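Chains, contacts and geometry: an overview
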Amino acid sequence: MKKNTISFSSSSLHLIIIITAFIWVLPTVGLLITSFRPPPDVAASGWWTVFQHPFNFTCYSLENYQRVIAKIGLGRAFMNTLFITIPSTIIPILIASFAAYAFAWMEFPGRKLIFIFLVGLLVIPLQMTMIPVLRIFSNLGIVGTFPGIWLAHTGYGLPLVTYLLYTFISGLPSELFDSSSIDGATPFQIFIKIVMPLSVPAIASVTIFQFLWVWNDLLVALVYLGGTPEVASLTVSISALVGSYGQDWELLTAAAFVSMILPLALFLGLQRYFVKGILAGSVKG
Amino acid sequence: MIHTKKITPWLYISPAVFLLFFFLVYPSIKTIYISFFDYNSEKFIGLKNYFYCFTNETMLISFRNNALWIAFFVPLTVFLGLIIAILLDKVKYESIVKSLIFMPMAISFVGAGVIWKFVYAYRPISAAQTGILNAIRSFFQLEPLPWLIIRPWLNNFCLIMVGVWIWTGFCMVILSASYKGIPRELLEAARVDGANEFRIFWKIILPLMKPTLAVVATTMTINVLKVFDIVYVMTNGNFDTEVIANRMYKEMFIFRNYGRASSIAVLLLLFIIPMILVNIRRFREQETIR
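Note that the coordinates shown come from a computational prediction; the quantities given were computed from them, not determined experimentally.

1. Quick word on the overall build of chain B
Helix and strand counts for chain B come out as twelve helices and zero strands. Counted from the first residue to the last, chain B has its helices and strands arranged as α-α-α-α-α-α-α-α-α-α-α-α. Projected onto the principal axes, the alpha-carbon positions of chain B cover approximately 75 × 70 × 30 Å. Relative to its full complement of 290 residues, chain B shows a buried share of 43%.

So this is what it looks like as structure tokens:
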């Protein structure tokens, strides 16, 4: 695309942009550097002092990571988070794609009304649901268990995921459905052989969005899983660390980076789907 | 449309409908109901919980703080997002800088909270400052500040800046797409006619982007009404930084007062609904324009 002609000083434009970008990354750079510095150094001087001798590799170590992963239990929390996130991503997308397909291409009474109602549920803040759900969960004995939180994330994720998949699936060309119906394919065969393969781009964006939403979630994990080490997620564990190790920055920074590594890798690797997914998901409760 | 047996569509939608009923419809109705009852939902107490919400000091502080968040966070994210989008459109390395500014959207609010707590780290004047803000102050011979403790303006403002850092990239991406949709000839013509950049910004760019700006602003407002993680991690609402969502969590989990917690949740919903209505109206307007 043709860039606009610049009518004010172009060097000041570049300067403003570079300063802005610098301010934006500085906090994260500080976190990353601190997480690799030995504890005595972290307490004695600011992280920026490493730039006095940038190639003096003795002032870096993996010690903080060893401590948070093995001793403080963030390795366990990382695995817990994976174990929470993967089913909490797959189940809602599976259920939502069935529903979206039916809403888009099947005829039944109340189709529009039910769909509008379902999407309207997007407005409900999670806080509105937590106490009754928690009571039901405790009656069922699934508070603090993984299946409980899988169900919760599925329920909370469904309105948005269904809506997004619906907009994509309903946009598929209708000829596709006429011709294959004539060929005698069942609705399920059409779903598996035509709808799902064609929806891969939409499913990819939604998967990334839902994965990140669950991975980064604090509130749902806090309420339905709690802080016991066997089930605690990274976000729950780290917010507990902030309370108990408030001034041990070498540990907190390493811990925070452990929780950020996977989202950042996804961000860098799949940027296009990523941005799409995030934009689509911005309205979620 | 495809031909199906009468029962088939219901089989496809029933898991979704059942789960939505179970996790959103039924609990919401129940929450409204128990907001009129006492702490363990046994005794009907009418509007007492709501009365509490509007008289209790901490609750009033939470309302004030959410209002502060709206007043600063929303204009800042939208304005910064817009300015950055427009400036970046003029340079070749646009996409790299965009990625850097969007990056905070990838990480959790908890992670962002730790990052910024470290930026705001405070130690007594005799010790070396390891938080970058206080190090900068020391460099200029100023006393270090306990940023997250000085109430009520500085600490709330510091928390709001964390939100701004996270969400500006989001606003930037949406506003950038909208900005690129403005016909270049329009801007060129105005320049040829001798209009300066600021005039073009106020008279052409802003009016044309108004619908998108409104949607972004309402989306940010809804976000801010529900702000929880940042406050929970960084101050847990201490030093007058309490917000509605964190208060609801405390009433529910720490004080076990389900009646009060429910009434706070209902108020949260009531605050959000007008924003959603504005968003829907904007959306309809745009549809009719097309």
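2. What about the overall build of chain A?
The helix and strand inventory of chain A stands at 14 helices and zero strands. Starting at the N terminus and ending at the C terminus, chain A contains elements arranged as α-α-α-α-α-α-α-α-α-α-α-α-α-α. Expected size for 285 residues packed as a compact globule is a radius of gyration near 19 Å; at 24 Å, chain A overshoots this value by more than 25%. In terms of overall dimensions, chain A has a C-alpha envelope of 75 × 65 × 35 Å along the principal axes. The proportion of buried residues among the 285 residues of chain A is 45%. For chain A, long-range pairs separated by at least 24 residues make up 78% of all intrachain contacts whose partners lie at least 6 apart in sequence.

3. Focus: the domain arrangement of chain A
You'll often see interface size given as the accessible area lost when the parts meet. Residue and element names in this part refer to chain A. Looking at the assigned domains, one finds that chain A contains domain 1 (10–61) and domain 2 (68–281). Computed from C-alpha atoms alone, the centre-to-centre distance between domain 1 and domain 2 is 34 Å. Every contact between the two is made by seven residues of domain 1 and, on the other side, six residues of domain 2. Among the elements of the structure, α1 (10–35) and α2 (39–44) are those that each provide at least two residues to the side of domain 1 that touches domain 2. Looking at the side of domain 1 that touches domain 2, the element that brings in the most residues is α1, giving four residues. Residue composition of the side of domain 1 that touches domain 2, grouped by class: four nonpolar, two polar and one charged.

4. Section: helix α7 (residues 153–180) of chain B
Look at α7 of chain B: 37 Å from first C-alpha to last across 28 residues, which is about the 40 Å you get at 1.5 Å a residue. Along its length, α7 of chain B reaches its greatest deviation from straightness, about 40°, at Trp167 of chain B.

5. Some remarks on the confidence of the model for chain B
When pLDDT is averaged along chain B, the result is 92, and 97% of the positions lie at 70 or above. For this predicted complex, the interface score ipTM comes out at 0.91, while the overall pTM is 0.92.

6. So, the environment of Phe177 of chain A
By the secondary structure assignment, Phe177 of chain A is in helix α8 (residues 175–182). Linking Phe177 of chain A and Lys71 of chain A, residues 106 residues apart in sequence, is a C-alpha distance of 57 Å. The contacts of Phe177 of chain A, once residues within four sequence positions are left out, are Trp105 and Ile190 of chain A together with Ile2 of chain B.

7. A few points about the interface of chain A and chain B
Taken together, the contact pairs 80 residues of chain A with 78 residues of chain B. The biggest single contributor to the side of chain A that touches chain B is α1 of chain A, with 13 residues. The residue inventory of the side of chain A that touches chain B, partitioned by class, reads 55 nonpolar, 22 polar and three charged.

8. Some words on the packing of helix α3 (residues 57–88) of chain B against α7 of chain B
All names here are of chain B. Two elements in contact, α3 and α7, have axes whose closest approach is 6 Å; the angle formed by their N-to-C orientations is 40°. One finds that α3 runs oblique with respect to α7. Crossing angle aside, the handedness with which α3 passes α7 is right-handed.

9. Considerations on the nonpolar core
If you look at the biggest cluster of nonpolar residues, it comprises 165 residues, and the most contacted ones within it are Ala99, Tyr101 and Ala255 of chain A. If one sorts the elements of this core by residue count, helix α4 (residues 74–105) of chain A sits on top with 14 residues. Those residues in contact with Ala99 of chain A that sit more than four places away from it in its chain are Thr162 of chain A together with Tyr12, Ile13 and Ala16 of chain B.

10. A word on the confidence of the model for chain A
Averaged over all residues, the pLDDT of chain A equals 89, while 94% of them reach at least 70. Taken together, the stretch residues 1–7 of chain A has pLDDT below 50 and engages in nine contacts with residues farther than four places along the chain or on a different chain.

11. Considering unusual backbone geometry
Residue and element names in this part refer to chain B. Note the cis peptide between Arg151 and Pro152, where omega equals -10°. Relative to the helices and strands, Pro152 is located in the loop between α6 (132–139) and α7. For Asn236, which is not glycine, the phi dihedral falls at a positive 50°. Residue placement: Asn236 occurs in the loop between α10 (229–234) and α11 (244–254). Classification of Asn236 as partly exposed rests on a count of 16 C-beta atoms within 10 Å.

12. Structural notes on the environment of Ser262 of chain B
Within the secondary structure layout, Ser262 of chain B lies in helix α12 (residues 258–289). Sequence-wise, Ser262 of chain B and Ile32 of chain B are 230 residues apart; in three dimensions their C-alpha atoms are separated by 6.8 Å. The residues touching Ser262 of chain B, leaving out its near neighbours within four places in the chain, are Ile131 of chain A together with Thr31, Ile34 and Ser35 of chain B.

13. A short note on the environment of Thr145 of chain A
Examined against the element boundaries, Thr145 of chain A turns out to sit in the loop between α6 (130–140) and α7 (146–169). Put simply, Thr145 of chain A and Ile84 of chain A are 61 residues apart on the chain and 9.7 Å apart in space, counted from C-alpha to C-alpha.

Calculation criteria
- Residues numbered from 1 in each chain as written.
- Chains lettered and ligands numbered in written order.
- Predicted model: local features only at pLDDT ≥ 70, side-chain atom pairs only at ≥ 80, totals over all residues.
- Helix = DSSP H or I, 4+ residues; strand = E, 2+ residues; numbered from the N terminus.
- Buried ≥ 20, exposed ≤ 12 C-beta atoms within 10 Å, placed from the backbone.
- Rg over C-alpha atoms; globule rule 2.2 N^0.38 Å.
- Contact = placed C-beta atoms within 7 Å.
- Domains from an automatic or database assignment.
- Nonpolar A, V, L, I, M, F, W, Y, C, P; charged D, E, K, R; others polar.
- Expected span 1.5 Å × (residues − 1).
- Bend = angle between axes of the 7 residues up to and from the residue.
- pLDDT = per-residue confidence, 0-100.
- Axes fitted to C-alpha atoms, helices over the stretch in contact; angles between N-to-C directions.
- Parallel < 35°, antiparallel > 145°, perpendicular 65-115°, else oblique.
- Left-handed = near helix turned anticlockwise from the far one by under 90°.
- Core = buried A, V, L, I, M, F, W, Y, C linked by C-beta atoms within 7 Å.

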